[in-house]
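Examination of the molecular architecture
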Amino acid sequence: MKKIIITITLSFLCFAIFAAPLKENPEVKFVKGNIQDKISSIKEDSIDYTYGIAVKAVDFVITNMELLKDDRDFAGLAIAAVYSYPEKEYLENSKETIDKFGSIFYSIKDENVKLSVLDKLSIFSEKSQSDESVAFINTYLKGASEDTLALTSVEKKAIQILAKIGDHKSFDILYFSYKNNVWPEYKSEIKNSLVALAEKSTGTIFSIIKKADFEEMKLIYTVFVENSSISSTLKSEIAENLLSNSMILIRDSSKITKELSLFQLNNCHVLYQNSWTRSSPLMISYFDVAKSEYKAGLLTSEEFEKVILYLEKTASKESVKVLSSYLEELNKETENGSLPAVNIVSAVIQALGNLGDKSAFDCLLFTTYLNYPEDIVAQARRALSSLKW
């Protein structure tokens, strides 16, 4: 009886095994099947890429896209093929892969197809040192911005991706679209992408500043210097370049305005805030400019007082010389009966006392003999006592 049961069980198992349908080879399924079968076979093979069906599918799409480029099912096949395309194939044949993806991207109008290509190129770029993917997206977005194409989800995706993987050329393209207001409805997002690429693109930013007029310098200041996402180091470097270029602009005296004077002061404030001592030679040059602007009424005495403080903060040996020389000028005015603004005299004395350089001794001592208010004389005496000998 026991033998009969075992025999029946084994027979049943054998029947079940032979009765079960054999799983179809995904490659055969791809070759023989319709569009949906082909998509299904891509998904099956994407687990281990045994048959390279995604590669075959991309080739199939390229071969047939002239005939089927407007077909929705065909677009679905293209999307599945692109998303499943193996990284190994890209790493070994990046140029060929980009060429294939480019054919699909530019030939099939379906936005989802284009988005799948951009997504996949982004993934490839993040895992590879190759810059072909970035170059492809740069080329597309450059053309779209120059042709002022209407903004679609494709341009949006390209901008978002370049924020993550872009290079200095991407920065150039995004800056062009931002400056020229190509896609005003997406300006905030383009600005965020520019900020994300700023650290990679310092040379490009400085080159733009060098050629910029005042309007463009204000734009750069707003985008980068006023942005909390930018590092203090980069802010200082940009402010330094903006200040330097603004000083070149005002060589033509007709270009000096209150607005430009305050712009320079704001950039100095950034250098002061970040203790950017590297800018000391620039600050010394700027002091003469600010002095002229103060005399012309473009800076108030309170604003010029800040310039003196900023010069002290970014001080060098030359700073002491400049401030001592200026105190001598103020002393001469006082000696001639024309009392300068008391807050300016006080700021210069304070700075020289804080710097403590003994070379300021003569001008500080002379201050104590002049007809200044008593508190200024007392301040000069305190500054004298703080000099280092």
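Structural data are supplied above this passage.
As the structure is a prediction and not an experimental result, all values here were calculated from the model.

Now for the overall build of the protein. When its secondary structure is counted, the protein shows 22 helices and 0 strands. A globule of 389 residues ought to have a C-alpha radius of gyration of about 21 Å, yet the protein, at 35 Å, is considerably larger. For the protein, the C-alpha atoms occupy an extent of roughly 130 × 60 × 30 Å along the three principal directions. Burial analysis of the protein (389 residues in total) assigns 46% to the buried set. Here the analysis covers contacts within the protein between residues at least 6 apart in sequence; of these, 70% occur between residues at least 24 apart. When the accessible area of the protein is evaluated, it comes to approximately 20,000 Å², of which 54% is carbon and sulfur surface. Across the protein, the mean location of the 45 positive side-chain charges is 4 Å away from that of the 53 negative side-chain charges.

So, on to helix 10 (residues 153-165). One turn of the α-helix equals 3.6 residues, which is why residues spaced by three or four share an orientation. Here helix 10 spans 18 Å end to end across 13 residues, near enough to the 18 Å set by a 1.5 Å rise per residue. Val154, Glu155, Ala158, Ile159, Ile161, Leu162 and Ile165 are the residues of helix 10 that are buried. Close packing links the buried residues of helix 10 with helix 7 (94-107), helix 8 (111-126), helix 9 (132-146), helix 11 (168-179) and helix 12 (187-197).

In this section: the pattern of salt bridges. Following the criterion strictly, the structure yields 22 salt bridges and no others. The salt bridge partner of Lys291 is Asp288, with a shortest N-O separation of 3.7 Å. With Lys291 and Asp288 both in helix 17 (residues 280-295) and 3 residues apart, this pair spans about one turn of that helix. By relative accessible area, Lys291 is classed as buried at 13%. Among the salt bridges present, the one from Glu329 reaches Lys291, with a minimum N-O distance of 3.1 Å. Here Lys291 lies in helix 17 and Glu329 lies in helix 19 (residues 317-335), a separation of 38 residues in the sequence. Several salt bridges share partner residues, and in doing so they unite Asp59, Glu96 and Lys100 into one network.

Turning our eyes to something else, we now look at the packing of helix 10 against helix 12. The interhelical angle for the contact between helix 10 and helix 12, taken along N-to-C directions, is 20°, at an axis separation of 8 Å. Overall, the two elements helix 10 and helix 12 adopt an arrangement that is roughly parallel. In this structure, helix 10 crosses over helix 12, and the sense of that crossing is left-handed. Contacts between helix 10 and helix 12 involve Ile159, Leu162 and Ala163 on the former and, on the latter, Glu189, Ile190, Ser193, Ala196 and Leu197. Of the residues assigned to the contact of helix 10 with helix 12, the class counts are 6 nonpolar, 1 polar and 1 charged.

Now for the packing of aromatic side chains. Enumeration according to the criterion identifies 19 aromatic pairs in this entry. Between Phe30 and Phe60, the ring centres sit 6.1 Å apart and the planes meet at 80°, which makes this aromatic pair edge-to-face. With a gap of 30 residues between them, Phe30 in helix 2 (residues 26-32) and Phe60 in helix 4 (residues 53-68) connect regions that are remote in the sequence. We classify Phe30 as buried; its relative accessible area is 5%. In this structure Phe60 comes out as partly exposed when scored by relative accessible area, which is 26%. Ring-pair connections join several aromatic residues into one group, and the members of that group are Tyr85, Tyr90, Phe101 and Phe124. Geometry around Tyr178 places Lys187 over its ring, the cationic atom sitting 4.7 Å from the centre.

Take the nonpolar core next. Formed by 119 residues in total, the largest nonpolar core has its most connected members in Phe224 and Tyr286. Apart from residues no more than four positions distant in its own chain, Tyr286 is found in contact with Leu243, Met247, Ser261, Gln264, Leu265, Cys268, Glu293, Leu299 and Val307.

Within the secondary structure, Lys38 is located in helix 3 (residues 35-45). Nearest to the buried, unbridged Lys38 among oppositely charged side chains is Asp37, at 7.5 Å. When sequence neighbours within four positions are dropped, the list of residues in contact with Lys38 reads Phe30, Val31, Gly33, Phe60 and Leu77.

This part covers the environment of Glu89. Within the secondary structure, Glu89 sits in helix 6 (residues 87-92). For Glu89, a relative accessible area of 22% gives the class partly exposed. Note: C-alpha distance between Glu89 and Ile53 (36 residues apart in sequence) is 12 Å. Residues within four places of Glu89 in sequence aside, it is in contact with Val55 and Thr97.

What counts as what
- Residues numbered from 1 in each chain as written.
- Predicted model: local features only at pLDDT ≥ 70, side-chain atom pairs only at ≥ 80, totals over all residues.
- Heavy atoms only, no water.
- Helix = DSSP H or I, 4+ residues; strand = E, 2+ residues; numbered from the N terminus.
- Rg over C-alpha atoms; globule rule 2.2 N^0.38 Å.
- Buried < 20%, exposed > 50% of the residue type's maximum accessible area, 1.4 Å probe, protein only.
- Contact = heavy atoms within 4.5 Å.
- Areas by Shrake-Rupley, 256 points an atom, 1.4 Å probe, with all protein chains shown as cover.
- Lys, Arg positive; Asp, Glu negative; His and termini not counted.
- Charge placed at Lys NZ, Arg CZ, Asp CG, Glu CD.
- Expected span 1.5 Å × (residues − 1).
- Salt bridge = Lys/Arg side-chain N within 4 Å of Asp/Glu carboxyl O.
- Axes fitted to C-alpha atoms, helices over the stretch in contact; angles between N-to-C directions.
- Parallel < 35°, antiparallel > 145°, perpendicular 65-115°, else oblique.
- Left-handed = near helix turned anticlockwise from the far one by under 90°.
- Nonpolar A, V, L, I, M, F, W, Y, C, P; charged D, E, K, R; others polar.
- Phe/Tyr/Trp six-rings, centres within 6.5 Å; stacked < 30°, edge-to-face > 60°.
- Lys NZ or Arg CZ within 6 Å of the ring centre and 35° of its normal.
- Core = buried A, V, L, I, M, F, W, Y, C linked by side-chain atoms within 4.5 Å.

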